[in-house]
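In case you want the letters, here they are:
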Amino acid sequence: MKFFLPGIFLFACYSLFARWYFVCEIQNLCFSEPEDIRMKNMQLTKADEVLLDAYDEFKFLDAEMSLNLNENNNYFLDSVIYYTSKYPESNLKITGFYLEAEQTIWSGIFENLGIARAATAEAVLEERGMDLTRVVLDYSLLEDTVLVSPFAFSLTESEVYEELQFTFEDMTFSDANFEYNSAVFVPGDAFKFYADSLLTYFSLDSLASLDIIGHTDSVGSDAYNENLGAERAASAKNYLVELGLGSRKITTLSKGKSQPVAPNTLEDGSDNEEGRQRNRRVNFVIKTQE
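Every chain is numbered independently, its residues counted from 1 as its sequence is written. The model is predicted, so local features are restricted to residues of pLDDT at least 70 and side-chain atom pairs to those at 80 or more, both for listing and for counting; the totals for chains, interfaces and linings are taken over all residues. No hydrogens and no water enter the side-chain calculation; it runs on all heavy atoms of the structure.

**Q** Explain the pairing of strand β10 (residues 282-287) here, please?
**A** Each regular strand displays side chains that alternate between the two surfaces of the sheet. Residue exposure (1.4 Å probe, protein chains only): buried if accessible area is under 20% of the type maximum, exposed if over 50%, otherwise partly exposed. Labels follow the DSSP assignment, with helices taken as runs of H or I lasting at least four residues and strands as runs of E lasting at least two, numbered in each case from the N terminus. Across the 6 residues that make up β10, a large majority, 5, are buried. As judged from the 4 bridges shared by strand β7 (residues 170-173) and β10, these two strands associate in the antiparallel manner. In the sheet register, Met-171 faces β10, and the bridge partner there is Phe-284. Any two strands are treated as partners once DSSP identifies two or more bridges connecting them.

Now the structure itself:
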């Protein structure tokens, strides 16, 4: 008997070792969950004032446009909503960032990943009861090779420039859709996807209508740009009509150069090519009958 118990013990130890070796070493199924370490540089700013500081950075789930929120992120979002309500004269601006290496990555109906990331943050705030009429989206292309922060939050006063809209019902397409002095609409992949979604939407709501508003940069006279904006709206309309959207559902308008969303010139008075390109845009506004 005194030899029997040690034998059982040794057999049990061998069995445990054999099982561990088979599962962990042969099948490679043993791994520990990586620690979720995040930089603490998330802020909420208002002009030169920092209202919230040193919060965890936000992370997206791999290959998904959805946020992996931790407890610190949740507290930050709740605090953002609190401060937005505390300053009713301000809007909450969410600026989404993306890298040069990410310019060709698919981003759905949005023209770039910066907008898509900002829109994701906006959706999370909406789920928490945020008034979206107080939210403004923007985007910025970074020259860095590593994306440290997917977006930034700031409280802003009313701005001189028009605020871009990036919702399905009120969507803006700018960037490279129009060349300088051209009304030829050259839609990118994002707009093509949006156009297909429009066709589906209008097939389900026969009473809905669509306003297409053309905009220009500041080069040229008011009359010239008013006409150019109208031509750009008409060009976008023709594209949708050719896809099958009824012409009677669409109204075209022009704002010419009267509603820039970015400065056409830099502070030193030189040309701001990026700003002018943003201003060459079309805005699609869906109207429904309530």
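**Q** Got a minute to help me understand unusual backbone geometry in this structure?
**A** In this model, Ala-47 sits at a positive phi of 55°, which is unusual for a non-glycine residue. Structurally, Ala-47 is set in the loop between β1 (42-46) and β2 (49-55). A relative accessible area of 71% places Ala-47 in the exposed class. The backbone phi angle of Ala-54 is positive, close to 65°, even though this residue is not glycine. For Ala-54, the position within the fold is in strand β2.

**Q** Can you help me understand the nonpolar core in this one?
**A** By convention a nonpolar core is built from buried Ala, Val, Leu, Ile, Met, Phe, Trp, Tyr and Cys residues, the set being connected through side-chain atoms within 4.5 Å. Ranked by size, the top nonpolar core spans 57 residues in total, and within it Leu-44, Ile-94, Phe-153, Leu-210, Leu-240 and Phe-284 carry the most contacts. Per-element accounting of this core gives the leading share, 8 residues, to helix α3 (residues 113-127). The contact criterion used is simple: two residues touch if any of their non-hydrogen atoms lie within 4.5 Å. If near-sequence neighbours (up to four positions away) are discounted, Leu-44 is found in contact with Glu-49, Val-50, Leu-51, Leu-52, Phe-76, Val-80, Tyr-83, Leu-92, Phe-153, Ser-154 and Leu-155.

**Q** Hey, could you run me through helix α2 (residues 71-86) in this one?
**A** One turn of the α-helix equals 3.6 residues, which is why residues spaced by three or four share an orientation. Expected helix span is taken as 1.5 Å per residue step, with the number of steps being one fewer than the number of residues. The terminal C-alpha atoms of α2, which comprises 16 residues, lie 23 Å apart, in line with the 22 Å expected from a rise of 1.5 Å per residue. All of the buried residues in α2 are Asn-73, Phe-76, Leu-77, Ser-79, Val-80, Ile-81, Tyr-83 and Thr-84. Where the residues of α2 are buried, they touch β1, β2, β3 (91-99), α3 and β5 (151-156). With a side-chain oxygen lying 3.1 Å from the backbone nitrogen of Asn-72, the N-terminal cap of α2 falls on Asn-70. Between N or O atoms, a polar contact is any pair within 3.5 Å; within protein, one atom must be a potential hydrogen donor and the other a potential acceptor, and residues adjacent in sequence are included only when both atoms are from side chains.

**Q** Would you mind showing me how to read the environment of Ile-94 here?
**A** On the secondary structure map, Ile-94 appears in strand β3. Classification of Ile-94 as buried rests on a relative accessible area of 0%. Here the alpha-carbon distance between Ile-94 and Gly-114, two residues 20 residues apart in the chain, equals 10.0 Å. Ignoring any residue separated from it by four or fewer positions in sequence, one finds Ile-94 in contact with Ala-118, Ala-121, Glu-122, Leu-125, Val-135, Val-136, Leu-137, Asp-138, Phe-151, Ala-152 and Phe-153.

**Q** Explanation requested: the pairing of strand β4 (residues 135-142) in the structure shown.
**A** For β3 and β4, the ladder comprises 8 bridges, and the chain directions are parallel. Considered in β4, the bridge of Ile-94 is made with Leu-137. A clockwise path from the first strand over the helix to the second, with the strands pointing away from the viewer, defines a right-handed crossover. In this region the chain leaves β3, passes through α3 and returns to the parallel neighbour β4; the handedness of that crossover is right-handed.

**Q** Help me understand the packing of helix α4 (residues 189-204) against helix α5 (residues 222-243) in this model?
**A** A pair of packed helices can be characterised by two numbers: the angle between their axes and the separation between those axes. Where α4 contacts α5, the axes come no closer than 10 Å and their chain directions differ by 55°. Between α4 and α5, the angle is such that the two are oblique. By crossing handedness, the relation of α4 to α5 is classed as right-handed. Residue-level contacts link Phe-191, Lys-192, Ala-195, Leu-198 and Leu-199 of α4 to Tyr-239, Leu-240 and Leu-243 of α5. Split into classes, the residues belonging to the contact of α4 with α5 amount to 7 nonpolar, no polar and 1 charged. Lines fitted to the C-alpha atoms define the axes, with helices restricted to the stretch that makes contact. Angles between their N-to-C directions range from 0 to 180 degrees. Note on angle classes: values under 35 degrees are labelled roughly parallel, values over 145 roughly antiparallel, values of 65 to 115 roughly perpendicular, and the remainder oblique. Each helix crossing is assigned a hand: it is left-handed if the near helix lies turned anticlockwise from the far helix by less than a right angle, otherwise right-handed if that turn is clockwise. Three classes are used: nonpolar for Ala, Val, Leu, Ile, Met, Phe, Trp, Tyr, Cys and Pro, charged for Asp, Glu, Lys and Arg, and polar for all others, with Gly counted as polar.

**Q** Explain the packing of aromatic side chains to me, please; I cannot follow it from the model alone.
**A** Describing an aromatic ring pair means giving the distance of the ring centres and the angle of the ring planes. Two aromatic rings, drawn from Phe, Tyr or Trp (for Trp, its six-membered ring), form a pair once their centres lie within 6.5 Å of each other, and the interplanar angle then sorts them: stacked below 30 degrees, edge-to-face above 60, tilted otherwise. A full pass over the atoms with the stated rule returns 21 aromatic pairs. Seen in terms of ring centroids, Phe-58 and Phe-76 are 5.9 Å apart; in terms of plane orientation they differ by 65°. Their pairing is edge-to-face. Taken together, the positions of Phe-58 in the loop between β2 and α2 and Phe-76 in helix α2 put the pair 18 residues apart, joining distant regions of the chain. Of the residues examined, Phe-58 reaches a relative accessible area of 4% and is grouped as buried. Of the residues examined, Phe-76 reaches a relative accessible area of 0% and is grouped as buried.

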